[in-house]
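These are the residues of each chain, in order.
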Amino acid sequence: MVNSNPVPPPTPDAGEAAIRAVGLVKRFGPVVAVDGMTFDLAPGRIYGLLGPNGSGKTTLIRLLTGMTRATEGTAHVLGVRMPDRANLARIGYMTQGDGVYPALTAGENAQFFGAAYGVEDAAQVDEALRLVELADRAKTIAGTLSGGQRRRLSLACALVHKPPVLFLDEPTVGVDPLLRVQFWGHFRQLADAGTTIVVSSHVMDEADRCDELLFVRAGKVIARGSGGQLRAEAGTDDLEAAFLRFSGETAVAA
Amino acid sequence: MSPRRVRALVRRVTVELRRDRPSLALLFIAPIVVTGLFTFILRDASGPNLRVAIASGGSGPAAALISGRLDGALTGAGMTVTQAASVDAARSAVQDGSASIAILLPADLAPGKGSTITLLTKGLDPSGDAGQLAAVSQAILGGIASSMGTALPSLAHQTVYGTPSSDPMAPFAPAIVAFFVYFFVYLLTGVSFLRERTGGTLERLMATPVTRGEVVTGYILGFGLFAMLQVAILLTWALVAIRVPAIGPLPDVAIGLGIAVAGSPLLAFLVVLLLALGAVSLGIFLSTFARTELQVIQFIPVVLVPQFLLSGVLFSVDSLPSVLQPLVHFMPLAYAVDALREIFIRGADLSVADVQLDIAVLAAVAVLFAAVAFRTIRRDVV
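Report follows, based on the coordinates. In this numbering scheme, every chain counts its residues from 1 along its sequence in written order. Think of it this way: whatever chain is written first is A, whatever ligand is written first is 1, and the rest follow in order. Totals for whole chains, interfaces and linings use all residues, but because this is a predicted model, local features are given only for residues with pLDDT of at least 70 and pairs of side-chain atoms are given and counted only at 80 or more. Computation of side-chain values: all heavy atoms of the structure, hydrogens and water removed.

**Details of helix α1 (residues 57-64) of chain A**
Residue and element names in this part refer to chain A.
- Most of α1 is tucked away: seven of the eight residues are buried.
- The rule is simple: take the accessible area with a 1.4 Å probe, protein chains only, and divide by the maximum for that residue type; under 20% is buried, over 50% is exposed, in between is partly exposed. Going along the chain from the N terminus, every DSSP run of H or I of four or more residues is numbered as a helix, and every run of E of two or more is numbered as a strand. Among the residues of α1, Lys-57, Thr-59, Leu-60, Ile-61, Arg-62, Leu-63 and Leu-64 are the ones counted as buried.
- Of the residues trailing α1, Gly-66 is marked for its positive phi of about 75°.

Below, the structure is given as structure tokens:
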């Protein structure tokens, strides 16, 4: 059970995709942040959004979570067209910043975001903290946690309601290598349990931990596939080189 | 609106505030210190210590007689009088502060002759000078009248409300209480909500099923709770005076300002609380236009100082220039100050039309600001 909130049933036209984008465009004045993206993402897999800073990853995530309205096109999550407030109870969103309350304890933060998502069960809140290995820090004021601990708390707050869809915006930025390994362990564990995860990153060495990658450049998805497929297609062993190859090709094509 | 989510928001806001010691001090201790200081200054500054120097330009018998009469009249009025050797000596006495005012008698002074007596003050404090001039003129007139063998009629002052000799703080207390509550509640909410925006927690909150209305309601209830406590403490402090008897070398003191209140303190509480709720929403609203905490403070001269000047806190609304009069109607603080004065001084209750209007306007402003605050929490945050 994810939560006690009433959630509209999935509409049949969304098919089996957990996340569906059709012709998504987002303009900020003259700037086109997302320039016509269309894709389906299947449930229970980890998708990596890879691209340089400013390529439109965060805006795409904000469109998919309904935090901002699309200029054109549609976004569906679990069959529900976004933005939809009730559907947010089934979506977890870890923002780029930590977004936790520094004056509250780790436990109070998790409890508060749990309540915001409709989770009243204290055991479920504890479970989220245990998952990120912060159970022993529940009574520590968040402002006094280390940077890595705060990042983990931020993750706990995003999955306290056991969402079937989880968006993670640069979750491993500023995180040490050991913690990074732990994070990916959590993500895999959740995906195995059926959670669809979308991770944005500009670090290519994390890419192989994803089931599938979407190369994002200048607001467009320029390539899609597993790390192996993309390397093979680009004819290189190096994912970074593959990204550049795909970028160059589209630049020439355009 | 989900009561559970609102409850979670209220709990969060109150826990955060409870742990924020400097903010608690700002809410509960600062207003007490400031109002205490204000009262102390106002009450103890009431008796001006007049030191008069009299100098005569001439040396005839008329001058000596009048100078002697004046001395008697001024001393009789409780002033300290010295005779200066010359006009220049009197002038330098005022200059160096050994005299607060000098009376310069002309050389040609004689009864029945139109001559001018000059009153000399330092000129650095116009309102203080005016008080001295009034007291000294009164004494001079009395002295001259008695030198002519007549007596001036004595003047008696009565007031419709209260007594003329009553507390100089009485007309200020309601205004000062209202202003400081408004000021501190605005500041605290503005800064708190700004942290919510810049800390990324608002963005995160908007990614949950929590609605904007729930956020505003949570804030109003959470901060309203603290505002209620603040108002209760400040009003108690203003109205009560607990006498502490002398202990050993310590003299007896009074704790509290002991302002007399003619009407219901409970009604006064309601008025200030409505004002404070409006200040919560004002803080949320204005934090939209601020990027840093400093900018929230920069709004004070723009938003709060005009209200301070135009709401009858220091200057009576009736004495304002007519150009500014219409603006008074747009100052929420003016309605609170008016209602509190009615309650404190006139003893007005809810049956008085003025008080009804004030309360209705304050309630409407609180609702209006809440709606505006709601509008400013967009989904497109950042």
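**Re the sheet that holds strand β7 (residues 165-169) of chain A**
Residues and elements named next belong to chain A.
- A pair of strands is considered paired only if DSSP assigns at least 2 bridges between the two. The six strands are arranged β6-β7-β8-β3-β9-β10 in an open sheet whose pairing can be described as mixed. Two strands close off the open sheet at either side, each with one partner strand: β6 (91-94) and β10 (220-225). Between one strand axis and the next, the sheet turns by 15° as a mean value, whatever way the strands run.
- As paired elements, strand β3 (residues 46-50) and strand β8 (residues 196-201) share five bridges and run parallel to each other. Structural elements are reduced to axes, namely lines fitted to C-alpha atoms, with helices fitted over the stretch in contact, and the angle between N-to-C directions of any two is expressed from 0 to 180 degrees.

**Details of the interface of chain B and chain A**
- Contacts are residue-level and defined by heavy atoms, with any inter-residue pair within 4.5 Å sufficient. The interface of chain B with chain A comprises 26 residues on the first partner and 31 residues on the second.
- Interface area for chain B against chain A, summed over the two sides, is near 2500 Å², with a carbon-plus-sulfur share of 54%.
- Salt bridges are identified by distance alone: a Lys or Arg side-chain nitrogen within 4 Å of an Asp or Glu carboxyl oxygen. Linking chain B with chain A are two salt bridges.
- The closest approach of N and O atoms between A:Glu108 and B:Arg19, which form a salt bridge, is 2.8 Å.
- Polar contacts, as used here, are pairs of N or O atoms within 3.5 Å; protein pairs need one atom able to donate a hydrogen and one able to accept it. Residues neighboring in sequence count only if both atoms are side-chain atoms. Along the contact surface separating chain B from chain A lie nine residue pairs in polar contact (both at pLDDT 80 or more).
- For the side of chain B that touches chain A, the elements supplying multiple residues, two or more each, are α1 (3-19) and α7 (201-206) of chain B.
- In terms of residues, the side of chain B that touches chain A owes the most to one element, α1(B), which gives ten residues. Buried area, as used here, totals the accessible surface that two parts lose on assembly, with accessibility defined by a 1.4 Å probe and the loss added over both.

**Quick look at the environment of A:Thr196**
Residue and element names in this part refer to chain A.
- Residue placement: Thr-196 occurs in strand β8.
- Taking the C-alpha atoms as reference points, Thr-196 and Glu-16, separated by 180 residues in sequence, lie 12 Å from one another.
- Leaving out residues up to four positions away in the same chain, Thr-196 has contacts with Ala-18, Ile-19, Ala-42, Pro-43, Gly-44, Arg-45, Tyr-47, Pro-164, Val-165 and Leu-166.

**Some words on helix α2 (residues 106-117) of chain A**
- Helix length check: α2(A), at twelve residues, gives a terminal C-alpha distance of 17 Å against a target of 16 Å (1.5 Å per residue), a fit within 8%.
- For α2(A), the buried fraction is high: ten of the twelve residues fall into the buried class.
- Listed in full, the buried residues belonging to α2(A) are A:Ala106, A:Gly107, A:Asn109, A:Ala110, A:Phe112, A:Phe113, A:Gly114, A:Ala115, A:Ala116 and A:Tyr117.
- On its buried face, α2(A) sits against β6, α3 (122-131) and α4 (147-159) of chain A together with α1 and α7 of chain B. Expected span, for any helix, means 1.5 Å times one less than how many residues it has.

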